[in-house]
Amino acid sequence: MERLNRLVDQLWELLKLQIFWYILLLRGGIILGVFPATAGAYGIVRDKLRKKTVTFTFKDMKKYYQESFKMANIIGWILTMLSAFIGWNWMIVPTMSEPMIKMAMYGILVIFSFLMVLIWIYLSSVLSHYKLQLSHYLLLSLQMGLTHFSHTVLHVLLFGIWLIFNYHFIHIGILIGIPIIIYTQMYINMYLFQKNIQTA
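Residues numbered from 1 in each chain as written. Predicted model: local features only at pLDDT ≥ 70, side-chain atom pairs only at ≥ 80, totals over all residues. Heavy atoms only, no water.

Between side chains of opposite charge, a pair can form when the charged atoms approach closely. What the rule picks out here adds up to 4 salt bridges. Between Glu 13 and Lys 48 there is a salt bridge, with the nearest N and O atoms lying 3.6 Å from each other. With Glu 13 in helix α1 (residues 2-27) and Lys 48 in helix α2 (residues 34-49), the pair connects residues that are 35 residues apart, well separated along the chain. Like Glu 13, the residue Lys 48 is buried in the burial classification. (Salt bridge = Lys/Arg side-chain N within 4 Å of Asp/Glu carboxyl O. Helix = DSSP H or I, 4+ residues; strand = E, 2+ residues; numbered from the N terminus. Buried < 20%, exposed > 50% of the residue type's maximum accessible area, 1.4 Å probe, protein only.)

Look at helix α3 (residues 58-92) against helix α5 (residues 134-147): their axes get within 10 Å of each other, and the N-to-C directions meet at 60°. Taken together, the axes of α3 and α5 are oblique relative to one another. The two elements α3 and α5 cross, and the hand of that crossing is right-handed. Contacts from Met 71, Ile 74, Ile 75, Ile 78 and Leu 79 of α3 reach α5 at Leu 134, Tyr 137 and Leu 138. Residue composition of the contact of α3 with α5, grouped by class: 8 nonpolar, no polar and no charged. (Axes fitted to C-alpha atoms, helices over the stretch in contact; angles between N-to-C directions. Parallel < 35°, antiparallel > 145°, perpendicular 65-115°, else oblique. Left-handed = near helix turned anticlockwise from the far one by under 90°. Contact = heavy atoms within 4.5 Å. Nonpolar A, V, L, I, M, F, W, Y, C, P; charged D, E, K, R; others polar.)

What follows concerns the packing of aromatic side chains. Scanning the entire structure with this criterion turns up 12 aromatic pairs. Put simply, the rings of Phe 35, Trp 77 and Trp 120 touch in pairs and so form one group of aromatic residues. When the ring centre of Phe 56 is taken as reference, the NZ or CZ atom of Lys 48 above it lies at 4.7 Å. Of note, Lys 63 hangs over the ring of Tyr 64, and the distance from its end group to the ring centre comes to 4.8 Å. (Phe/Tyr/Trp six-rings, centres within 6.5 Å; stacked < 30°, edge-to-face > 60°. Lys NZ or Arg CZ within 6 Å of the ring centre and 35° of its normal.)

Moving on, we get to the side chain of Asn 166. Examined against the element boundaries, Asn 166 turns out to sit in helix α6 (residues 149-168). Look at Asn 166 and you get buried, because its relative accessible area is 15%. Of note is the side chain of Asn 166, whose polar atom sits 2.7 Å from the backbone oxygen of Trp 162. (Polar contact = N/O pair within 3.5 Å; in protein donor to acceptor, adjacent residues only side chain to side chain.)

Ranked by internal contacts, the top residues of the largest apolar core, which has 45 residues, are Met 61 and Ile 182. Secondary-structure elements contributing two or more residues to this core are α1, α2, α3, α4 (99-129), α5 and α7 (170-199). Excluding residues within four positions of it along the chain, Ile 182 makes contact with Ala 41, Tyr 42 and Val 45. (Core = buried A, V, L, I, M, F, W, Y, C linked by side-chain atoms within 4.5 Å.)

Turning to the packing of α3 against α4, a few remarks are in order. Relative orientation of the contacting elements α3 and α4 amounts to 155°, with a least axis distance of 10 Å. For the element pair α3 / α4, the angle class is roughly antiparallel. Note that α3 runs across α4; the crossing there is left-handed. Here Met 71, Ala 72, Ile 75, Gly 76, Leu 79, Thr 80, Leu 82, Ser 83, Ile 86, Asn 89 and Trp 90 of α3 lie close against α4, whose contacting residues are Met 105, Tyr 106, Leu 109, Val 110, Phe 112, Ser 113, Met 116, Ile 119, Trp 120, Leu 123 and Leu 127. Looking at the contact of α3 with α4, its residues break down into 17 nonpolar, 5 polar and no charged.

As for its position among the elements, Gly 87 is in helix α3. On a C-alpha basis, the gap between Gly 87 and Ser 113 in space is 8.6 Å, while along the polypeptide they are 26 residues apart.

Another point: unusual backbone geometry. Here Ile 30, not a glycine, exhibits a phi torsion of approximately 65°, which is positive. For Ile 30, a relative accessible area of 48% gives the class partly exposed.

Moving on to a nonpolar patch on the surface. Together, Leu 26, Ile 30, Ile 31, Leu 32, Ile 74, Trp 77, Ile 78, Met 81 and Leu 82 line one region of the surface with nonpolar side chains, adding up to about 830 Å² of accessible area. For the nonpolar patch, the leading source of residues is α3, giving 5 residues. Within the secondary structure layout, Ile 31 lies in the loop between α1 and α2. Owing to a relative accessible area of 54%, Ile 31 belongs among the exposed residues under this scheme. (Patch = residues over 30% accessible without salt bridge, like charges linked within 9 Å, V, L, I, M, F, W, Y side chains within 5 Å. Areas by Shrake-Rupley, 256 points an atom, 1.4 Å probe, with all protein chains shown as cover.)

Put into structure tokens, the structure is as follows:
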């Protein structure tokens, strides 16, 4: 019975986090809400993993949302536009007639796509854990992705599983999908943050 109660408590916490995320997403008009709401969710999950909080509260998430609002939107939309530009180039390159130029462009696109994936994987965790300048967030995300490559591969695999799960069980994804992937990423990345401190 105690285990069942703990399970219910954890599911309730996940549901609360998802609801808080929806509220702050809408508060920012979706466009300006998605990145700071996500950063806020990462922030309070980080606190819980560090035993600073026992339960999620809207007040705590709102605080992180407000603190990260400007930086999260700037970085998030810059990366979104760069990702869209890279995606557009992936569609343009096959139409090129010169084989050498096409091969060179594919090589460049592979490199930039790889770097972009690394940044996206670690950015939200880095944003919630450190107070840095814009360029330093990007560089630290790249550094973590390259120096902890085995964990990066794990992130990609788990994210793929998460996408498949949400595709097949979309009703569950709507209720607790965001908290599940945030918990997964933060659990891995908190270990890496502690490892970096110990080896510094």
